[in-house]
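Examination of the molecular architecture
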Amino acid sequence: MAIFLSLLSSLMWGASDFAGGLISKRKPVMVIVGWSATFGLVLSTAAVILSGGWHGPYGWLPWGIAAGGSGSFGLICYYYALANGTMGVVAPVTSLGVVIPVAVGILSGESPSRVTVTGIVVAIIGVVLTSGPEFSGGASPGPVIVATLAGFFFGGFFVLMAHGSEDSPLLTLWAMRATVVLAFAAAALVRRTTGGMRPNDYLWVLGVAAGDLGANLTFGIATTKGYVSITSVLSALFPVVTVLLARVVLDERLRRVQIAGVVVTMAGVALISAG
């Protein structure tokens, strides 16, 4: 179940980030993240009310606040990189941040099997291979640097979300969205603008918010059913989805090393599942 939920979160994150990257090409990144968080807060509030409302213990609250900050900074960096670079190239770099939850999980006492550890290493190598063209010097290093920073924030988010989910995945998610919305609402008041969104833009952002919310929730549940070192790696495969969508929708050309990277990544997933 943990493996299935982790892969499902990866699929939803990949699709959501692809859509977010597209709309970030015509709207400021801060505006997209802010509105996405707002829609996410509305959806998560409804889910909390339907599931029984807010309740103690409140161990989820500080973790949710911290995860909201880390995740929002990661999204800002990631959407900027997607909007200013080649999606199929910069997206995989972000997954390198998964080394953070893997290291934290192992240091905290998790002991995956040898097959699973091999799968983790293979999956990370696959992500690096998918990023091959960027490291070859054929593209501007700017987006990749920003994507690497996004990976660092996402790695922190995985750890923080997992800790909060020990008390409640849904309430941790709600705290995350509330934190981001408060920050962006304050920024909107200072700048006296909500970003000049058009009706069609709101539909795009609603889709981004729904996908991101679903991915966060399924990941949070997955961490309560399996090792963080495993669930975080599987959930962090979302760039592969983004790469494939960029190939199909935008006709971005994939080099042989990228195709090999996708294959190697899937082999890593198979090993993790077998372990």
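Our subject is the structure listed above.
In this report, the structure presented in the accompanying data block is examined. (Residues numbered from 1 in each chain as written. Predicted model: local features only at pLDDT ≥ 70, side-chain atom pairs only at ≥ 80, totals over all residues. Heavy atoms only, no water.)

Turning our eyes to something else, we now look at the layout of surface pockets. In this structure, the largest pocket occupies an estimated 330 Å³ of space. Forming the boundary of the largest pocket are 15 residues, of which Val 31, Phe 184, Ala 188, Thr 193 and Thr 194 lie nearest the centre. Breaking the lining of the largest pocket down by element, the ones donating at least two residues are α2 (29-50) and α9 (169-191). The dominant element in the lining of the largest pocket, judged by the number of residues it contributes, is α9, at six residues. As a volume, the second largest pocket reaches approximately 180 Å³. Lining the second largest pocket are Val 104, Gly 105, Ser 108, Glu 110, Val 159, Ala 162, His 163, Glu 166, Thr 223, Thr 224 and Val 228. Among the elements that take part in the lining of the second largest pocket, helix α8 (residues 141-165) stands out by supplying three residues, more than any other. (1 Å grid on protein atoms, 1.4 Å probe; cavity = no way out; pocket = protein on both sides within 12 Å on 5 of 7 lines; lining within 4 Å. Points joined across faces, edges and corners; volume = space filled by probe spheres on them. Helix = DSSP H or I, 4+ residues; strand = E, 2+ residues; numbered from the N terminus.)

Before going further, it helps to examine the packing of aromatic side chains. Taken as a whole and judged by the stated rule, the model has 14 aromatic pairs. Seen in terms of ring centroids, Trp 13 and Phe 157 are 6.1 Å apart; in terms of plane orientation they differ by 80°. Their pairing is edge-to-face. Taken together, the residues Trp 13 in helix α1 (residues 2-23) and Phe 157 in helix α8 connect sequence positions 144 residues apart. Overall, Trp 13 belongs to the buried group, its relative accessible area being 7%. The class of Phe 157 is buried, set by a relative accessible area of 5%. Geometrically, the ring pair formed by Tyr 58 and Trp 60 is tilted, given 5.7 Å between the ring centres and 50° between the ring planes. Here Trp 60 falls in the buried class, since its relative accessible area comes to 2%. Looking at Arg 26, its charged tip hangs above the ring of Trp 204, at a distance of 5.7 Å from the centre. (Phe/Tyr/Trp six-rings, centres within 6.5 Å; stacked < 30°, edge-to-face > 60°. Buried < 20%, exposed > 50% of the residue type's maximum accessible area, 1.4 Å probe, protein only. Lys NZ or Arg CZ within 6 Å of the ring centre and 35° of its normal.)

At a minimum axis separation of 9 Å, α2 and helix α3 (residues 60-84) run at an interaxial angle of 135°. What the angle tells us is that α2 and α3 run oblique. At the point where α2 passes α3, the crossing takes the right-handed sense. Counting all contacts with α2, which are made through Val 29, Met 30, Ile 32 and Val 33, the residues of α3 involved are Ser 72, Leu 75, Ile 76, Tyr 79 and Tyr 80. (Axes fitted to C-alpha atoms, helices over the stretch in contact; angles between N-to-C directions. Parallel < 35°, antiparallel > 145°, perpendicular 65-115°, else oblique. Left-handed = near helix turned anticlockwise from the far one by under 90°. Contact = heavy atoms within 4.5 Å.)

Residues three or four positions apart in an α-helix share a direction because the helix packs 3.6 residues into each turn. In a regular helix each residue adds 1.5 Å, so 12 residues correspond to 16 Å; helix α12 (residues 238-249) covers 16 Å between its end C-alpha atoms and thus fits that length. Those residues of α12 that sit buried are Phe 238, Pro 239, Val 240, Val 241, Thr 242, Val 243 and Ala 246. Asp 251 sits one or two residues past α12 and shows a positive phi near 60°. (Expected span 1.5 Å × (residues − 1).)

Over the atoms a probe the size of a water molecule is rolled, and this reveals where empty space is left. Tallied over the full model, the rule gives two cavities of 30 Å³ or more. Estimates place the volume of the largest cavity at around 230 Å³. In terms of lining residues, the largest cavity is bounded by 19 residues, among which Gly 71, Leu 75, Phe 154, Asp 212 and Asn 216 are the most central. Of all the secondary-structure elements, those providing two or more residues to the lining of the largest cavity are α1, α2, α3, α8, α9 and α10 (199-223). Here the lining of the largest cavity gets five residues from one element, more than from any other, and that element is α3. Residues that form the lining of the largest cavity fall into these classes: 11 nonpolar, five polar and three charged. (Nonpolar A, V, L, I, M, F, W, Y, C, P; charged D, E, K, R; others polar.)

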